[in-house]
Amino acid sequence: MAAGYGELLRSRHAARLLCGTLVGRLPSATGHIAIVLFVRAEGGGYALAGALAAVYGLATAVGQPLLGRAVDLYGQPRVMLPAAVLSGAGMAALAVVGIDPLPPAYAAVVMAGIFTPPLEGGLRALWPSVLGRADRVHAAYALDAVAQEVMFTAGPLLVTLFVAWWSPGAALLVINVLGVLGALSVVVSAPSRRWRSAPREAHWLGALRSPGLLALLGSFLFVGVALGSITVAAVAYADDHGRESVYGWLMAALGLGALIGGVVYGARQWAGEPERRLRLLVGLLALGYLPLALTPGVAAMTGLAVVSGLFLAPALACAFVVVDRHAPRGTVTEAFSWLVTVFGVGAALGTGAAGPAVEWGGTAPGFWVAGAGGVAALLVLLATTRVLNGRGRGGDPVVSSENDRNGAAEPGFSAGHQA
């Protein structure tokens, strides 16, 4: 297993692209907590901190597909580096200006969010040209999903360390400087400079004209709902047990489950259509969320959290393959960016739904939201089976993907071409 990942990372450019992308994504992974800590240090209340963090998240959700489309049209370096600089400048403006007056603070977080570079989609578009074989790309998608879980666990810890060493304002600046350096490392690499999206049909819907992609996005909106609700319900569970550290244990257990599942999933080759496999993985993911509503003792709950995370990274990795297969020609970065957007919107909806559920009925109903989100995600996939299997309502094939050229390896690879 380790040898397989080692071989993948020894592929030319692979380790650099993965590490550069992870560092470049630090601002988006930590932006919410960094904003909250900064606003609190400036004397603002939790309501203002939450509002600014929410605006930042909404701006990021809006910007990702727009910048993804720009990358498909103009290439990675021309879009990602300027976007990273502008996003970092927005956070720097917040750190310098502060929260008084409020309009410049809101303008700063909007700027930081909307210009967050689509590094996730960009990396996934590069993997086929860097790794070549479909089995290696599958493993890279799994490794990418695992690394994402690690980053979203370790990133907030890094912010709190920077705050302890310096200040919340300094943490904002340092995290975003690192983000720009990470983006720079990616866009000056040879694969990023050479990559060009396949020619695309002019259409205002872009990637969203693919019925299969819409079906996938609808499903993963509800996966996001499940994850967002778990964060709120876990806080309520920790309060019930009188220890704030319990929340950290539950989140770490969830991340550990995703880490184990992703590493195991990516270590082997999988036969058959990824759409069928995705339905199975999302079904298992939903099944893992349901027992959380039992809210047993801390030790048992931690074990359930590990189990609930086992199929998250595999489901994400498989979803990346399905996105790649269904993205219309010339829209692959935009398509991956839409997945990032709907996942984030779903998480926000889950957070918003779990709060009232906890206030209404206690901790267990908060976890009911997670179970319902998982079940809804599966139902969407089941209801759109024909679409995801490549046939439209009238029997017509889905929009041709730019990745069909390597269909002999496994349909759905080669996200773009080298100039």
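Throughout this document, residue positions are counted from 1 along each chain, in the order its sequence is written. This being a predicted model, a pLDDT of at least 70 is required before a residue's local features are given, and a value of 80 or more before pairs of side-chain atoms are given or counted; all residues contribute to the totals for chains, interfaces and linings. To obtain the side-chain values, all non-hydrogen atoms of the structure were included, while hydrogens and water were left out.

1. Overview of the packing of helix 8 (residues 134-165) against helix 9 (residues 168-187)
What counts is decided by this rule: Simply put, an axis is a line fit to the C-alpha atoms, just over the touching stretch for a helix, and the angle between two N-to-C directions goes from 0 to 180 degrees. Going along the chain from the N terminus, every DSSP run of H or I of four or more residues is numbered as a helix, and every run of E of two or more is numbered as a strand. Here the word oblique covers every angle except those under 35 degrees (roughly parallel), over 145 (roughly antiparallel) and from 65 to 115 (roughly perpendicular). Two helices crossing with the near one rotated counterclockwise from the far one by less than a right angle form a left-handed crossing, whereas a clockwise rotation gives a right-handed crossing. Two residues qualify as a contact provided that any one of their heavy atoms is within 4.5 Å of a heavy atom in the partner residue. All amino acids are sorted into three groups, where Ala, Val, Leu, Ile, Met, Phe, Trp, Tyr, Cys and Pro are nonpolar, Asp, Glu, Lys and Arg are charged, and the leftover types, Gly among them, are polar.
Helix 9 packs onto helix 8 with a crossing angle of 130° between their chain directions and a minimal axis gap of 8 Å. One way to sum up the angle between helix 8 and helix 9 is to call them oblique. Pair helix 8 / helix 9 crosses with right-handed handedness. Counted together, Leu158, Val159, Phe162 and Val163 of helix 8 and Pro168, Ala171, Val174, Ile175 and Leu178 of helix 9 form the full contact between these two elements. Looking at the contact of helix 8 with helix 9 residue by residue, the class counts come to nine nonpolar, no polar and no charged.

2. Here we look at the domain arrangement of the protein chain
This is how it is decided: Marked domain ranges trace back to an automatic or database domain assignment. The term salt bridge refers to a pairing of a side-chain nitrogen on Lys or Arg with a carboxyl oxygen on Asp or Glu at a separation within 4 Å. Any pair of N or O atoms that falls within 3.5 Å is considered a polar contact. Within protein, one atom must be able to donate a hydrogen and the other to accept it, and sequence-neighbouring residues count only if both atoms are side-chain atoms.
Domains assigned within the protein chain are domain 1 (12-137 + 151-195) and domain 2 (203-390). Between the C-alpha centres of domain 1 and domain 2 there is a distance of 22 Å. Between domain 1 and domain 2, the residue contacts involve 16 residues of the former and 18 residues of the latter. The interface formed by domain 1 and domain 2 includes one salt bridge. Among the ionic pairs, Arg69 bridges to Glu334, the shortest N-O distance being 3.1 Å. The tally of links between domain 1 and domain 2 comes to six residue pairs in polar contact (both at pLDDT 80 or more). When contributions to the side of domain 1 that touches domain 2 are tallied by element, the ones reaching two or more residues are helix 4 (46-74) and helix 7 (119-131). Ranked by the residues each element gives to the side of domain 1 that touches domain 2, the list is headed by helix 4, at seven residues. Split into classes, the residues belonging to the side of domain 1 that touches domain 2 amount to seven nonpolar, four polar and five charged.

3. Remarks on the packing of helix 12 (residues 245-266) against helix 14 (residues 298-309)
In the contact formed by helix 12 and helix 14, the axes pass within 6 Å of each other and the chain directions differ by 35°. Like other packed secondary-structure pairs, helix 12 and helix 14 cross with a definite hand, here right-handed. Residue-level inspection shows Val246, Trp249, Leu250, Ala253, Leu254, Leu256, Gly257 and Ala258 of helix 12 in contact with helix 14, the latter providing Val298, Met301, Thr302, Ala305, Val306, Ser308 and Gly309.

4. Quick word on the packing of aromatic side chains
The cut-off we apply is this: Stacked, tilted and edge-to-face are the three classes applied to pairs of Phe, Tyr and Trp rings, where Trp contributes its six-membered ring and a pair requires centres within 6.5 Å; stacked means planes under 30 degrees apart, edge-to-face means over 60, and tilted covers the rest. Ring-over charges, as used throughout, are those where CZ of Arg or NZ of Lys falls within 6 Å of the ring centre and within 35 degrees of the ring normal.
With the rule as written, the count across this model stands at seven aromatic pairs. Put simply, the rings of Tyr141, Phe320 and Phe336 pair up and form one aromatic cluster. Arg124 extends its terminal NZ or CZ atom over the ring of Phe320, reaching a point 3.8 Å from the ring centre. Here the basic side chain of Arg268 rests over the ring of Trp270, its NZ or CZ set 3.9 Å away from the ring centre.

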